[in-house]
Amino acid sequence: DQQVKQNSPSLSVQEGRISILNCDYTNSMFDYFLWYKKYPAEGPTFLISISSIKDKNEDGRFTVFLNKSAKHLSLHIVPSQPGDSAVYFCAALWIGNEKLTFGTGTRLTIIP
Amino acid sequence: ETGVTQSPTHLIKTRGQQVTLRCSSQSGHNTVSWYQQALGQGPQFIFQYYREEENGRGNFPPRFSGLQFPNYSSELNVNALELDDSALYLCASSIRGAGARGTDTQYFGPGTRLTVL
């Protein structure tokens with residue numbers, strides 16, 4: 001039972017344009033969401049998070065949007081840079097439960 | 001400040017054997033979580049340790065066990081290895097209470113790639 005889903009295994013975006021990565025979840029108990037980035041041979045690196053009491057959180061080039069009614073969140077990267085090429089994982093938890101539930105990841109390739 | 005480190009980097013075992021993977025937490029972190037990442041999948045939560053006690057467990061059988069030591073380093077032990085145990089094993093450390101309860105940011109190590117033949 002995949003409670004966090006990333007339906008796009010891969011995405012290619014031109015350098016300088018906007019990258020939009022999507023994530024859906026099914027468990028309505030989730031109330032905190034995170035994005036991690038992973039390069040080959042490295043562990044996932046925390047990127048940005050959002051609490052369910054918000055619908056947007058911004059950090060530099062990265063913005064996460066949360067639509068609770070649709071159980072959907074997205075990560076926007078603008079402008080996209082070659083160093084953004086990596087696998088991006090969406091993860092979720094509910095406050096009081098220490099377990100991160102991850103999606104299957106989206107491989108983002110930025111084309112120079 | 002050193003980050004999360006894991007050893008060994010790679011490991012090959014045969015079915016039925018036992019394996020121990022090690023993790024050193026980031027300095028000042030008191031909580032460690034272990035995840036299994038199979039090929040093409042996202043990391044799956046195995047368990048978490050806080051103050052040397054197991055604090056939450058995912059859907060993994062008892063042959064997956066762990067330890068956390070007073071210096072907050074940790075071990076993951078897997079007995080009676082099966083072919084499906086082949087995966088990348090990730091350790092993540094965090095500071096309990098740094099964020100609102102349950103939202104402590106977890107920092108991952110590079111992982112140990114385990115191959116079971």
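Everything here concerns the structure above.
Residues numbered from 1 in each chain as written. Chains lettered and ligands numbered in written order. Predicted model: local features only at pLDDT ≥ 70, side-chain atom pairs only at ≥ 80, totals over all residues. Heavy atoms only, no water.

Draft legend 1. Looking closely at the interface of chain A and chain B. The partner chain B presents 20 residues to the 19 residues of chain A that form the contact. The junction of chain A with chain B conceals about 1700 Å² of combined surface from both sides, 59% of it contributed by carbon and sulfur atoms. Looking only at chain A, the three residues that lose the most surface to chain B are A:Pro44, A:Glu98 and A:Phe102, adding up to 33% of its buried area. Along the contact surface separating chain A from chain B lie three residue pairs in polar contact (both at pLDDT 80 or more). At the level of elements, β4 (32-38) and β9 (86-93) of chain A are the ones that each hand at least two residues to the side of chain A that touches chain B. No other element matches β4(A), which puts three residues into the side of chain A that touches chain B. Taken together, the residues that form the side of chain A that touches chain B break down as ten nonpolar, five polar and four charged. (Contact = heavy atoms within 4.5 Å. Buried area = accessible area lost by both parts, 1.4 Å probe. Polar contact = N/O pair within 3.5 Å; in protein donor to acceptor, adjacent residues only side chain to side chain. Helix = DSSP H or I, 4+ residues; strand = E, 2+ residues; numbered from the N terminus. Nonpolar A, V, L, I, M, F, W, Y, C, P; charged D, E, K, R; others polar.)

Draft legend 2. Representation of the state of the cysteines in the model. Inspection of every chain in the model, using the stated rule, returns two disulfides over all chains. Two residues, A:Cys23 and A:Cys90, share a disulfide whose sulfurs are 2.0 Å apart. Judged by the sign of its S-S torsion, about -70 degrees, the cystine formed by A:Cys23 and A:Cys90 is left-handed. Taken as a pair, A:Cys23 in strand β3 (residues 19-25) and A:Cys90 in strand β9 lie far apart in primary sequence, 67 residues in all. A sulfur-sulfur distance of 1.7 Å marks the disulfide that ties B:Cys23 to B:Cys91. Because the sign of the S-S torsion sets the handedness, a value of about -50 degrees for the bond joining B:Cys23 and B:Cys91 places this disulfide among the left-handed ones. Linking B:Cys23 in strand β3 (residues 19-24) with B:Cys91 in strand β9 (residues 87-94), this pair joins segments that are 68 residues apart in sequence. The exposure classification of B:Cys23 matches that of B:Cys91, with both residues buried. (Disulfide = S-S within 2.5 Å. Buried < 20%, exposed > 50% of the residue type's maximum accessible area, 1.4 Å probe, protein only.)

Draft legend 3. Structural detail: unusual backbone geometry. A cis geometry characterises the amide bond from A:Val78 onward to A:Pro79, with omega recorded as -10 degrees. With respect to the helices and strands, A:Pro79 occurs in the loop between β8 (72-77) and β9. Following B:Ser7, the chain continues into B:Pro8 via a peptide bond in cis, with omega recorded as -10 degrees. Examined against the element boundaries, B:Pro8 turns out to sit in the loop between β1 (5-7) and β2 (10-13). We note that A:Lys71 has phi near 50 degrees; this positive angle belongs to a residue other than glycine. On the secondary structure map, A:Lys71 appears in the loop between β7 (62-67) and β8. Even without glycine at this site, B:Arg51 takes up a positive phi of about 50 degrees. Within the element layout of this structure, B:Arg51 appears in the loop between β5 (44-50) and β6 (53-57).

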